[in-house]
Structures are given as C-alpha cells and as structure tokens.
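# Structural characterization, general
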Amino acid sequence: MTQTSIKKNTGALLGWLLLAFFAAGLGGLGSASAPDFYGQLNLPGWAPPAWLFGPVWSALYLMMGIASWLVWREGGFHKTRLALSLYLLQLGINSLWPWLFFAWHLGAWAFVEIVILWFVLLATLVSFRTHNVLASLFLIPYLAWVTFATALAWSAWHMNPALLG
C-alpha cells in the first residue's frame, strides 16, 4: 500500500466513523430525557438498566462505521451504491427513533418505525454481504440489538398507554 492510499483509507475510515457518530448524536438529542422517561415507564423484568444503552449503542455505532468503510473500500460509492444507500437510510431511520419514543412519546409510531428499521437493516446486512462478508458480520450485533429493542418497544408501549399513547 502506498502512502497516499493509506492516507485515503484512513481518511475514509474516519469519515465513515464520523458519519455514524453524527447519526448517533442526532438520535442522542432526541433521547436527552431518556434516563428520566425510561425510569417512569413500566417495563418487563427483562428490560436492561438505563445505563446500559449508552455503551451498547457506542459499540454498535463503531461497528456500523467500520462496516460501511469496509464496503466503501470495495469500490467506492459508485460500485456499492445500493449497499451504502441502504446503510444511509437505516442511519436516518435509527436517528429518528429516539425522537419518536423519548422526545415525542409516540409509542405506536416508534414501534412501526423500529420494525421498518429492522427490515432496512436486514437488507443492508444482506447487501453488505455481497461486497464484504466481514462488513456484514459487523452488523449482526446491531440486528440482534434492534430485534431486542423492538420487543422492548412493543412491551413498553403496551405497558404504558398513558405515557406512550
């Protein structure tokens, strides 16, 4: 690898990581009241403590950024357009969820949205696999977490009709 290609790859990795964490930040703005609101909710016994969400999401966004970079390296946006477009779409959907649930208390909409996220994420994972198997493997924990979060969102919505109308 030449010095130029190392710099290009390093810059691209940083760019994809920044994009992932920018999306995390947008979602984070919507979840500013999450610890207080989460504490008010009736939740199932299997619900994780509020403090766990930050570290889990940080790890997942790191893996998302690396995965997108691995796919990008397979030919840039031109050759991986569908995969990276799906990736960008799921980032946007992901960023909207905390607003729906924590900021606006729209339980039904948050549940519908997270189901859509799950399907777009699955399509992203499958599309990533056609370009880079390791990239798709990086998305498996994210899909598992969104699966868990979908069940939790459903439970929270149904257990808290007054708060999540």
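Per chain, residues are indexed from 1 in the order of the written sequence. Where local features are concerned, this predicted model is filtered to residues with pLDDT of at least 70; where side-chain atom pairs are given and counted, the filter is 80 or more; whole-chain, interface and lining totals use all residues. Water and hydrogen atoms play no part in the side-chain values, which are based on all heavy atoms of the structure.

## Brief notes about the environment of Met 1
On the secondary structure map, Met 1 appears in the segment before helix H1 (3–30). A simple rule labels every residue: compare its accessible area, found with a 1.4 Å probe on the protein chains alone, to the largest value its type can have, and call it buried under 20%, exposed over 50%, or partly exposed in between. Looking at Met 1, the relative accessible area reads 72%, which means it is exposed. Separated by 121 residues in sequence, Met 1 and Leu 122 have C-alpha atoms that sit 33 Å apart. Between two residues, a contact is recorded if the distance between any of their heavy atoms is within 4.5 Å. Leave out the neighbours within four places in its chain, and Met 1 touches Ile 6 and Asn 9. Per the convention used, a helix needs a DSSP run of H or I reaching at least four residues, while a strand needs a run of E reaching at least two, with both numbered from the N terminus.

## So, the packing of aromatic side chains
Stacked, tilted and edge-to-face are the three classes assigned to paired rings of Phe, Tyr and Trp, where Trp is represented by its six-membered ring and a pair needs centres within 6.5 Å; plane angles under 30 degrees give stacked, over 60 edge-to-face, the rest tilted. Tallied over the entire structure, the rule returns 19 aromatic pairs. Plain terms: the ring middles of Phe 53 and Trp 145 are 5.8 Å apart, the flat faces sit at 70° to each other, and that makes the pair edge-to-face. With Phe 53 in helix H3 (residues 53–72) and Trp 145 in helix H7 (residues 133–159), this pair connects stretches of sequence that are 92 residues apart. Residue classification places Trp 145 among the buried residues on the basis of a relative accessible area of 14%. Between Arg 73 and the ring centre of Trp 69, over which it is positioned, the NZ or CZ distance is 4.7 Å. Here, over-ring charges are defined by two tests on the NZ atom of lysine or the CZ atom of arginine: distance to the ring centre within 6 Å, and angle to the ring normal within 35 degrees.

Interpretation note: all reported values are geometric properties and have no functional meaning in isolation.
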